[in-house]
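As a plain string of letters, each chain reads:
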Amino acid sequence: MGTHVINSLLERKIEKRPDKVRLQGRILFLTEDPELIKRQLAGWDMPWDTENPAANPKLRDDISTDEITPAHYCFYFDETLGEIPYLGLKCGGATPIGRGDVKRGGFVCAVSGKRRGKGSSREQSPYAEMCAGIRVVIAENIERIYKQNCQNLGVLTSTDFGLIDKIRAGEEIALSEFTKGEDEITRQVIEYGGLFPFNVARMQGKVFLPPIKSESMLEMNGNMKKYEIRPMTLAEKIFARHMINEKGEVGVASVKPGDSGFASADLRFSHEYVTPMAAIFFEHYVGKDAKVNDPSSIIFFRDHLTFLDEVISEEKKKLGLLDLATQLKLKQQDFAAKQGIKLHGELKDRKGSEGICHSIVLESYALPGQLNIGSDSHTPHVGAIGCVAFGIGTTDVFNGWITKDVRVKVPESVRVVIRGKKHENVTAKDFILKILSLDYVRSGKALAKVMEYAGEAIEELSVDERATMTNMAAEIGGFTGIVAPDKKAVDFLVERRGMDRAKAEKMIDGLYSDPGAQYAHVIELDATEITPMVATPGDPGNGKYVRELNTPVPVEIAYGGTCTAGKNEDMDMYAAVLADALRQGKRVADSCKFYIQFGSQETREYCVKRGYLEIFERAGAHVIEPSCGACINAGPGVSTRPDQVVISAQNRNFPGRSGPGQMYLASPLTVAASAVAGYIVEYEPSEKREMVNA
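Presented here is an overview of the structure given in this document. These numbers were taken from a predicted model, which means no experiment stands behind them.

### Considering the overall build of the chain
Scanning the chain from terminus to terminus reveals 30 helices and 26 strands. Dimensions along the principal axes, computed over C-alpha positions, put the chain at roughly 75 × 75 × 55 Å. Excluding contacts between residues fewer than 6 apart, the proportion of contacts in the chain whose partners are at least 24 apart in sequence is 75%. A total accessible area of about 26,200 Å² is found for the chain, and carbon and sulfur atoms account for 49% of it. Across the chain, 87 positive and 95 negative side-chain charges occur, with their mean positions spaced 2 Å apart.

Structure representation (structure tokens):
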């Protein structure tokens, strides 16, 4: 790290915030009833009975960051965001909050129900709330990344509805009300008013980092005393290898859930939605000419907005949003050039990008046993080859450029065991939609936990398919998803990276959960009982079996792509269904448009080699170059009308995320079969059908 950076930060004056907080302003209750919200915006203070919660109006649950700051507004990376919060918030079919309403209303606190801030890791959401005057967020439970982003920025969070009366009365509230139950480090981050001032205090030796004590087991063997490290889960082993000990070295003997500290990161990546805001923070707080720490382990991606110009509305163009999006790209390019950071950018000879960050990190960078951090909630994608990878917000990103580490509280693990043999038309996507529909997940009990997938049905999955499971740990609200690396992971490294087999085998050594490791919960499923699934519009947790749809659901758009469903094996599935259709003299239904988008150039080349492009074309599918696209309302495949039905292999169907339409989530097989049928159907391989007919 450049000494001038360190020296300037070492001399900076840093103080804690006062230990009492007085919040002067109004409280905005985000209710399911849009009329109640409109009345509050017009100046009415809604009464709230903290004694009898059941008497109060119903609060909105599951408010996603897409609803707090719809994707197009994240092109702003300054205080303009203060005019934006809750613009996408859907209540009873209406979006009651307009631009600037929250800021004008003089609100200091916003209150909602369960799972607040789920979805995308965009720090623009709490930053927009902060710039609009919101100092405190109260909810029944709060998603990990959103909560950490709030803490990093200095926004207070609480699940204590008793604070409502104190805020109303303008009483002083002890800062300890907001730090209780938090680990040592989080408490100090809150006390210093954010992650950056805390990190400066850390460099100055002013903060207390609790030592991580290794728990041991004592065994009496005759009169021999034997100490053993506690049995650890796979994720705990990887954390132990990366946590920084009290001497400042990397690695501790063992960790347990709740241990907090800083973990050294092997890879740090970000994309054009986040890099610019992080770069501005870096230049503002650290210095215009400051250099990042170890640029060789940082990667930038231009993957989110490559096709935006094709779908952005005229009205949004008039607001200057397309120009702003171009600024994001340029700011990232300049910062990369100035810092000597590798940028996977746009293609030179045609429209499109080199690939989606998660796709490229899995194909080319991540290794078993690593700890990776990325500016996107789907960073757990690469857990498919046995590394701990998780999403972080903008402030974490720019702090990571200085310190090369990340604040971590070792999470509990949930073991998901899927036994038995899956049906031929069932995929990893059906497994994950099933898991998302379980009450344990829907009620928020899996929040911030590691999802460790195991069992025969998981072992049978390829690395590409495992990536669908780990990727969508994000929709569970989990900390990350991981699969213990095995022979399939070794084959992947040998075949896709050209790695030496002996080297790859050595790498996975010891990467498994110990017998006797402790789990917060175990979910057991039988693969033979799972048939193709869909998630009905509004939330990935709305899972049901396709055969439970009572009436046919006609679809106008089918979309296969994104990090979740744009991998080699997903392409095998689209091609199998379409080749099958062509053999029967069928193609994509006239009433439906089917888009297939590659996750990376490597996957596109794979399709060229396998002759898939010809199959896609003959069957009437539209092929799109790699980019994130429709999944974030920024590419072909988005809906344009509220009544339009879409079936998509992407990972999220939150209100408004991919256009105003009704989006069903499904597997690549179901999406392709539905595109051919024109309505939602299960795929039946033709050999099977012939047997039935015979």
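Additional details are given in the paragraphs that follow.
### Description of helix 12 (residues 275-285)
Summarising burial for helix 12: eight of the 11 residues are buried, a large majority. Here helix 12 has its buried residues at Thr-275, Pro-276, Met-277, Ala-278, Ala-279, Phe-281, Phe-282 and Glu-283. Among the structural elements, helix 5 (124-131), strand 10 (267-271), strand 11 (298-301), helix 15 (321-339) and helix 17 (394-403) are those in contact with the buried residues of helix 12. Looking one or two places after helix 12, you find Gly-287, whose phi comes out positive at around 145°.

### Considering the state of the cysteines
Evaluated as defined, the whole model comprises zero disulfides. Cys-74 forms no disulfide, and the closest cysteine sulfur to it belongs to Cys-131, at a distance of 13 Å. Free of any disulfide, Cys-109 has its nearest cysteine sulfur in Cys-150, 12 Å distant. Judged by relative accessible area, which is 0%, Cys-109 ranks as buried.

### Structural notes on helix 15
A rise of 1.5 Å per residue sets the reference length of helix 15, with its 19 residues, at 27 Å; its end C-alpha atoms lie 27 Å apart and thus fit the reference within 8%. Every buried residue of helix 15 is listed here: Leu-321, Ala-325, Leu-328, Gln-332, Phe-335, Ala-336 and Gln-339. Each buried residue of helix 15 sits inside an arc of 100° when the element is viewed along its axis, so together they form one side. Exposed and facing more than 90 degrees away from the buried side of helix 15 are Asp-323, Asp-334 and Ala-337. Gly-340 sits one or two residues past helix 15 and shows a positive phi near 70°.

### Thoughts on the side chain of Glu-272
Of note, Glu-272 is situated in the loop between strand 10 and helix 12. Looking at Glu-272, the relative accessible area reads 0%, which means it is buried. Within the structure, the side chain of Glu-272 is placed 3.0 Å from the backbone nitrogen of His-304, a separation counted as a polar contact. Other than its neighbours up to four places away in sequence, Glu-272 contacts Phe-301, Arg-302, Asp-303, His-304, Leu-305, Thr-306, Leu-328 and Gln-332.

### Quick look at the nonpolar core
Buried together is how nonpolar side chains tend to be arranged in soluble globular proteins. One finds Phe-390 and Trp-401 to be the most contacted residues of the largest nonpolar core, which totals 79 residues. Discounting residues that sit within four places of it in the chain, Phe-390 has contacts with Arg-144, Phe-239, Leu-371, Asn-372, Ile-373, Gly-374, Thr-379, Pro-380, Val-406, Val-408 and Phe-479. Within the second largest apolar cluster, 43 residues are counted, among which are Val-577, Leu-582, Val-645 and Val-681.

### Considering the sheet that holds strand 25 (residues 645-648)
Taken together, seven strands build an open sheet; the order of strands is 21-20-26-25-22-23-24 and the sheet is mixed. Edge positions in the open sheet fall to strand 21 (543-545) and strand 24 (622-624), since each of these has one partner strand only. Sheet twist, expressed as the average angle between the axes of neighbouring strands with direction ignored, equals 25°. Judged from the three bridges that link them, strand 23 (residues 593-597) and strand 24 form a sheet pairing that is parallel. The partner of Gln-597 across the bridge, within strand 24, is Ile-624. Across the sheet, helix 18 (residues 428-436) is in contact with strand 20 (533-535), strand 21 and strand 26 (662-666); its angle to strand 20 comes to roughly 55°.

### Brief notes about the pattern of salt bridges
Counted according to the given criterion, the structure contains 54 salt bridges. Among the salt bridges present, the one from Lys-16 reaches Glu-191, with a minimum N-O distance of 3.2 Å. You can see Lys-16 sitting in the loop between helix 1 (3-10) and strand 1 (20-22) and its partner Glu-191 sitting in helix 9 (residues 184-192), a full 175 residues away along the chain. Given a relative accessible area of 15%, Glu-191 falls into the buried group. For Glu-346, the salt bridge identified is with Arg-302, shortest N-O distance 3.0 Å. Here the residue Glu-346 occupies a position in the loop between strand 12 (342-344) and helix 16 (357-365), and Arg-302 occupies one in the loop between strand 11 and helix 13 (308-311), the gap between them amounting to 44 residues. The class of Arg-302 is buried, set by a relative accessible area of 9%.

### A word on the packing of aromatic side chains
Counted according to the given criterion, the structure contains 21 aromatic pairs. Taking the centre distance of 5.9 Å and the plane angle of 70° together, the rings of Phe-239 and Phe-479 count as edge-to-face. Of this pair, Phe-239 sits in helix 11 (residues 234-242) while Phe-479 sits in the loop between helix 22 (473-476) and strand 18 (480-483); the two residues are 240 residues apart in sequence, bridging distant segments of the chain. When sorted by exposure, Phe-239 lands in the same class as Phe-479, which is buried. Taken together through their ring pairs, the aromatic side chains of Tyr-127, Phe-196, Phe-281, Tyr-285 and Phe-398 make up a single cluster. The ring of Phe-479 has Arg-144 sitting right over it, with the charged end atom 4.4 Å from the ring centre.

### Structural notes on the sheet that holds strand 12
Pairing is parallel in the open sheet, where five strands are placed in the order 12-11-10-13-14. Every interior strand has two partners, whereas the edge strands, strand 12 and strand 14 (388-391), have only one. Direction aside, the axes of adjacent strands within the sheet are offset by 20° on average. As paired strands, strand 13 (residues 371-374) and strand 14 are joined by four bridges and run parallel to one another. Its bridge partner being in strand 14, Gly-374 is matched across the sheet by Gly-391.

### Details of empty space enclosed by the protein
Going through the model one piece at a time under the given rule, you end up with five cavities of 30 Å³ or more. The space that makes up the largest cavity amounts to roughly 240 Å³. Surrounding the largest cavity, 22 residues form its lining, His-271, His-304, Asp-376, Ile-632 and Arg-657 being those nearest its centre. Of the residues belonging to the lining of the largest cavity, the class tally is seven nonpolar, 11 polar and four charged. Counted as a void, the second largest cavity has a volume near 170 Å³. Lining the second largest cavity we find 21 residues, and of these Gly-119, Glu-143, Ile-145, Ser-377 and Ala-474 sit closest to its centre. Elements represented by at least two residues in the lining of the second largest cavity include exactly helix 6 (144-153), strand 14 and helix 22. Ranked by the residues each element gives to the lining of the second largest cavity, the list is headed by helix 6, at four residues.

### A few points about the pairing of strand 2 (residues 26-29)
On strand 2, burial covers both faces: Arg-26 and Leu-28 on one face and Ile-27 and Phe-29 on the other are all buried. Two strands pair when backbone bridges link them, and strand 2 and strand 3 (residues 107-111) are joined in this way by four bridges, in the parallel orientation. Looking at the pairing, Leu-28 lines up with Ala-110 of strand 3.

About the cut-offs
Residues numbered from 1 in each chain as written. Predicted model: local features only at pLDDT ≥ 70, side-chain atom pairs only at ≥ 80, totals over all residues. Heavy atoms only, no water. Helix = DSSP H or I, 4+ residues; strand = E, 2+ residues; numbered from the N terminus. Contact = heavy atoms within 4.5 Å. Areas by Shrake-Rupley, 256 points an atom, 1.4 Å probe, with all protein chains shown as cover. Lys, Arg positive; Asp, Glu negative; His and termini not counted. Charge placed at Lys NZ, Arg CZ, Asp CG, Glu CD. Buried < 20%, exposed > 50% of the residue type's maximum accessible area, 1.4 Å probe, protein only. Disulfide = S-S within 2.5 Å. Expected span 1.5 Å × (residues − 1). Arc of directions from axis to C-beta. Polar contact = N/O pair within 3.5 Å; in protein donor to acceptor, adjacent residues only side chain to side chain. Core = buried A, V, L, I, M, F, W, Y, C linked by side-chain atoms within 4.5 Å. Pairing = 2+ DSSP bridges. Axes fitted to C-alpha atoms, helices over the stretch in contact; angles between N-to-C directions. Salt bridge = Lys/Arg side-chain N within 4 Å of Asp/Glu carboxyl O. Phe/Tyr/Trp six-rings, centres within 6.5 Å; stacked < 30°, edge-to-face > 60°. Lys NZ or Arg CZ within 6 Å of the ring centre and 35° of its normal. 1 Å grid on protein atoms, 1.4 Å probe; cavity = no way out; pocket = protein on both sides within 12 Å on 5 of 7 lines; lining within 4 Å. Points joined across faces, edges and corners; volume = space filled by probe spheres on them. Nonpolar A, V, L, I, M, F, W, Y, C, P; charged D, E, K, R; others polar.

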